[in-house]
Amino acid sequence: MAVLPLTVTPLPCPSGSDIDFGAEIRGVDLENLNDEQFQMIRKALYDHHVVVFKDQKGLSPKAQYELTKRFDPASEDYGHGKTIDTKRSILHPDLKTVPHQPQVQVIGNGQVQSYEGLKDIQLRHPHHRTFHHDHIPDDKDYDFTRFYRWHIDAALYDLYPPQVTTLLAVKVPKGRRQTLLYDDGTGETLDVPLGTTAFVSGERMYELLSPEDKEFVRTSKIEYAPHPYIWMSAARSRSTGLGLHSEGLELPDSDLPPIDPSKIMVFPMTWKNPVTGKLALQIHPSAILRIHCADGTTIDDLARVRDIVYNLQRPAISPQYVYPHDWVEDDLVLFNNRGVLHSVVGAFKPDEVRLFRQCNLAASEPPVGP
Ligand SMILES: [Fe+2]
């Protein structure tokens, strides 16, 4: 079979933006990917972090899974494993599993009669009202929005963070834009397409730090709460979606499923890009519990841990560093889950039907630090 002319084109940087990541790949059939093409995609991914393939109508869940798995051939199961089965996880309502390809999840908004073996499913786009401490008033809800939750796709207990995530836009409501409010006293806002997925670069997040902070994040580790999505279920987010307020609302260990200490995750704060060797500051701010410092001490006070991490991460989510992807139906976005943070954005009306397919796989190896 003839090799297609595969091209990689960096995404245009809109005026007022300072993003330095993102690319579009053309000229490849994802149902029939050869090794040479995959290696070009892999190089593009680790150079650009967010890669867009247009016009992927009809891409099978199997091909989506296989592309995702190719980044980590020893991985097999969905990134959250079975952890979302529990009704108390805050992730539970947002995901429906494709019956014939259980590593692929359907997410979105509204009522869908039939899709890939799923019948009469009710999808619910996460709304900041369910997660944030303070809400945008209902009468402004369709004009203004927030970052819902900045995160890495990862169970953060028992399972290693997936290498990559793929997101396919099957159905996208059109037409509206919203103004995203930071509401943190800075006055910062961002004009976004309805239901965008927002990305920021972990490498930029690291580069923006002072030399002292760079040294701190290179030498410190972060410990995640066991069963983090149940643990945090009663806590409430900051208005920027970047971590939680500290009000003592996290569930005590006695209210969590049994905790196996060997499954608790402690990761470096910075993760090394496997192709370029660059460091990315990669912390899931809502799930953090404790900082392990270079001198062997730990910072255990949760409010302090959150404030430290917030101050490290906040500069890099300012509007000029955010890439809000403007979804068009049949876009497939592949992103470096170990090199970016991302957030759901937006508030849909009940009749605005959105249908997406997501795939990521719990990695076979932990992230590599400096
Ligand atoms: Fe995600």
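Residues numbered from 1 in each chain as written. Predicted model: local features only at pLDDT ≥ 70, side-chain atom pairs only at ≥ 80, totals over all residues.

Labelled according to an unreviewed UniProt entry, the protein chain appears under the name TauD/TfdA-like domain-containing protein, originating from Penicillium olsonii. In its Sequence similarities (unreviewed entry) section, the UniProt entry covering the protein chain states "Belongs to the TfdA dioxygenase family." Quoted verbatim from the Cofactor (unreviewed entry) field of UniProt, the annotation for the protein chain is "Fe(2+)". (UniProt positions renumbered as here; feature names shortened; annotations may be inferred.)

**Student:** I keep staring at the nonpolar core and nothing clicks. Help me out?
**Tutor:** Soluble globular proteins tend to bury their nonpolar side chains together. Among the nonpolar cores identified, the biggest contains 95 residues, and Val 50, Val 200, Tyr 224, Leu 281 and Ile 288 are the most heavily contacted of them. Take this core: its biggest share by element is five residues, from strand S8 (residues 164–171). Excluding residues that lie within four positions of it along the chain, Tyr 224 makes contacts with Leu 156, Tyr 157, Met 265, Ala 287, Ile 288 and Leu 289. (Core = buried A, V, L, I, M, F, W, Y, C linked by C-beta atoms within 7 Å. Buried ≥ 20, exposed ≤ 12 C-beta atoms within 10 Å, placed from the backbone. Helix = DSSP H or I, 4+ residues; strand = E, 2+ residues; numbered from the N terminus. Contact = placed C-beta atoms within 7 Å.)

**Student:** Could you clarify how one ought to interpret the sheet that holds strand S9 (residues 177–181) in this entry?
**Tutor:** Across a sheet, paired strands are connected by hydrogen bonds in the backbone, their directions being either parallel or antiparallel. Taking strand neighbours across the sheet as the criterion, the three strands line up as S7-S9-S10 in an open arrangement whose pairing is mixed. Both edges of this open sheet fall to strand S7 (144–145) and strand S10 (189–193), since each of them pairs with a single strand only. (Pairing = 2+ DSSP bridges.)

**Student:** Would you mind showing me how to read the environment of Asn 336 here?
**Tutor:** Along the polypeptide, Asn 336 turns up in strand S19 (residues 332–336). Owing to 28 C-beta atoms within 10 Å, Asn 336 belongs among the buried residues under this scheme. On a C-alpha basis, the gap between Asn 336 and Ile 136 in space is 31 Å, while along the polypeptide they are 200 residues apart. The residues contacting Asn 336, other than those within four sequence positions of it, are Leu 45, Tyr 46, His 49 and Val 164.

**Student:** Can you walk me through helix H2 (residues 61–70) in this structure?
**Tutor:** An α-helical segment advances 3.6 residues per turn. Residues three or four places apart therefore align on the same side. Every buried residue of H2 is listed here: Pro 61, Ala 63, Gln 64, Tyr 65, Leu 67 and Thr 68. Of the surrounding secondary structure, the elements contacted by the buried residues of H2 are strand S5 (104–115), S8 and strand S21 (354–360).

**Student:** Looking at this structure, I do not really get the environment of His 325. What am I missing?
**Tutor:** Mapped onto the secondary structure, His 325 falls in strand S18 (residues 323–325). For His 325, a count of 23 C-beta atoms within 10 Å corresponds to the buried category. Linking His 325 and Lys 349, residues 24 residues apart in sequence, is a C-alpha distance of 20 Å. Those residues in contact with His 325 that lie beyond four places of it in its chain are Thr 196, Thr 197, Phe 199 and Val 333.

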